[in-house]
Amino acid sequence: MNRLLIVLLAVFTMNACTDEEGTNPGGDGSPSVILYQYDAESPNDPDTDSALRIAVNNKTADVYYFAEPTSSVSGHGATTEAYADYVVANGTKAATTADENNGGYYADVVVTNMKGDYTISAVAVSGNEKAIQQKTFFGKTWVDVSTGTYYFSGNMQKRLGVDKSVPTTLQSLESDPNQYRFKNLYGAGYSLILTKTDVTGADDNDALQFFRVADQALPFSSAKYGTISVRDLGYWQNDDSFAYDPGYGVFMYTDKLKGNFVLNLQLHVTAGSFGFDTDQYVPN
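Residues numbered from 1 in each chain as written. Predicted model: local features only at pLDDT ≥ 70, side-chain atom pairs only at ≥ 80, totals over all residues. Heavy atoms only, no water.

## Quick look at unusual backbone geometry
For step 1, the next point in the chain: In this structure, Pro 43 follows Ser 42 across a cis peptide bond, with omega equal to 10°.
For step 2, the next point in the chain: Turning to its location among the elements, Pro 43 is positioned in the loop between strand 3 (33-39) and strand 4 (50-56).
For step 3, the next point in the chain: Here Asn 184, not a glycine, exhibits a phi torsion of approximately 55°, which is positive.
For step 4, the next point in the chain: Within the element layout of this structure, Asn 184 appears in the loop between strand 13 (176-182) and strand 14 (192-202).
For step 5, the next point in the chain: Take Asn 184: its relative accessible area is 34%, and that puts it in the partly exposed class.
For step 6, the next point in the chain: Residues other than glycine seldom take positive phi values, yet Asn 238 does so here, at roughly 55°.
For step 7, the next point in the chain: Structurally, the position occupied by Asn 238 is in the loop between helix 4 (233-237) and helix 5 (240-243).
For step 8, the next point in the chain: Using a relative accessible area of 72% as the deciding quantity, one classes Asn 238 as exposed. (Helix = DSSP H or I, 4+ residues; strand = E, 2+ residues; numbered from the N terminus. Buried < 20%, exposed > 50% of the residue type's maximum accessible area, 1.4 Å probe, protein only.)

Next up, the structure:
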């Protein structure tokens with residue numbers, strides 16, 4: 001899934017020009033730059049990586065990009081002009097491709113391994129003139145909880161074509177410890193996301209803690225019906241009682257079987273249900 005985030009920030013130009021100059025990628029008299037930000041796709045990690053298209057006009061001779069923690073930006077330039085110079089001196093020069101639609105140029109890049117609050121800057125250069133635009137990105141840090149084996153149900157194996165079991169790591173989100181994931185469960189960059197609730201209970205085996213699995217698209221599709229998605233039975237039935245029933249919910253055992261998960265999950269496509277079944281996770 002490719003969710004385009006087109007939230008454009010102001011373009012700062014360091015030269016005397018009219019308000020219109022530098023805004024047209026094709027043929028203005030001053031350099032201009034526009035950043036388009038996307039979710040990074042596999043094999044990149046959308047939690048720490050950001051995909052960008054840097055669009056510049058044909059006045060631009062070179063374009064540079066640079067990312068650093070937002071807290072460091074002010075220390076590398078008291079003015080916009082000074083920071084643009086810093087980006088050119090310390091950033092990466094991007095190779096551009098001609099844009100046949102508007103006469104300008106563009107570069108597609110991925111900035112990786114950003115954890116925490118980052119600012120990404122791109123600078124277009126033409127002689128002594130520069131234009132800068134910035135985007136922000138908050139990289140997520142996941143903390144390992146356990147490693148183990150995830151066992152897919154028969155329905156998951158049939159519908160998704162996955163193996164019976166795969167090794168995985170259960171992680172929690174550092175900035176929100178109620179958010180969990182089974183890392184790369186469905187392949188590189190595709191994890192199963194869970195949310196821990198404050199609801200507890202018990203079944204015949206042990207005490208347990210309930211989790212929710214909100215609707216999320218998977219990197220699998222049906223030739224006839226398109227993308228396959230997964231969710232817990234409470235979201236499927238629009239009834240929370242299913243989510244907090246040990247026979248239908250998603251939960252982790254917290255006592256004798258501590259760390260073991262039972263996950264009752266439904267697969268579905270736009271046309272309807274692909275059935276539900278029970279997955280399990282067993283920590284090492």
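## Let's talk about the nonpolar core
Soluble globular proteins tend to bury their nonpolar side chains together.
For step 1, the next point in the chain: Counting residues in hydrophobic clusters, the biggest one holds 28 residues, and the most contacted among them are Tyr 150, Phe 182 and Leu 192.
For step 2, the next point in the chain: Among the elements that make up this core, the one with the highest residue count is strand 19 (residues 261-269) (five residues).
For step 3, the next point in the chain: Beyond its immediate chain neighbours, meaning those up to four positions away, Phe 182 contacts Tyr 150, Thr 168, Thr 169, Leu 170, Ser 191, Leu 192, Leu 194, Phe 261, Leu 263 and Tyr 281.
For step 4, the next point in the chain: Grouped together as the second largest cluster of nonpolar side chains are 18 residues, Leu 52, Ala 94, Ile 120 and Ala 131 included. (Core = buried A, V, L, I, M, F, W, Y, C linked by side-chain atoms within 4.5 Å. Contact = heavy atoms within 4.5 Å.)

## Some thoughts on the packing of aromatic side chains
For step 1, the next point in the chain: Applying the stated rule across the entire model yields 17 aromatic pairs.
For step 2, the next point in the chain: Each ring, one from Phe 152 and one from Tyr 186, has its centre 6.1 Å from the other, and the planes form 40°; the classification is tilted. Taken as a pair, Phe 152 in the loop between strand 11 (142-151) and helix 3 (154-160) and Tyr 186 in the loop between strand 13 and strand 14 lie far apart in primary sequence, 34 residues in all.
For step 3, the next point in the chain: For Tyr 186, a relative accessible area of 7% puts it in the buried group.
For step 4, the next point in the chain: Look at Tyr 225 and Phe 274: their rings are 6.3 Å apart centre to centre, the planes differ by 80°, and that puts the pair in the edge-to-face class. With a gap of 49 residues between them, Tyr 225 in the loop between strand 16 (216-222) and strand 17 (226-232) and Phe 274 in strand 20 (residues 272-283) connect regions that are remote in the sequence.
For step 5, the next point in the chain: Owing to a relative accessible area of 34%, Tyr 225 belongs among the partly exposed residues under this scheme.
For step 6, the next point in the chain: Three or more aromatic residues joined by ring pairs form one cluster here, namely Tyr 150, Phe 152, Tyr 180, Phe 182, Tyr 186, Phe 211, Phe 220, Phe 261 and Tyr 281.
For step 7, the next point in the chain: Over the ring of Tyr 235 we find Arg 212, and its NZ or CZ is 4.1 Å from the ring centre. (Phe/Tyr/Trp six-rings, centres within 6.5 Å; stacked < 30°, edge-to-face > 60°. Lys NZ or Arg CZ within 6 Å of the ring centre and 35° of its normal.)

## Some points on helix 2 (residues 80-90)
For step 1, the next point in the chain: Along helix 2, the residues classified as buried are Tyr 83, Ala 84 and Val 87. Buried residues in helix 2, looked at end-on, bunch into an arc of 105°, giving them a common side.
For step 2, the next point in the chain: In this fold, the buried residues of helix 2 make contact with strand 5 (62-69), helix 1 (70-73), strand 9 (116-126) and strand 10 (129-139). (Arc of directions from axis to C-beta.)

## Thoughts on the pairing of strand 3
For step 1, the next point in the chain: Strand 3 sits mainly inside the fold: five of its seven residues count as buried.
For step 2, the next point in the chain: In this sheet, strand 4 lies alongside strand 3 in antiparallel orientation, the contact comprising seven bridges. Paired with Leu 35 across the two strands is Ile 54, which belongs to strand 4. (Pairing = 2+ DSSP bridges.)

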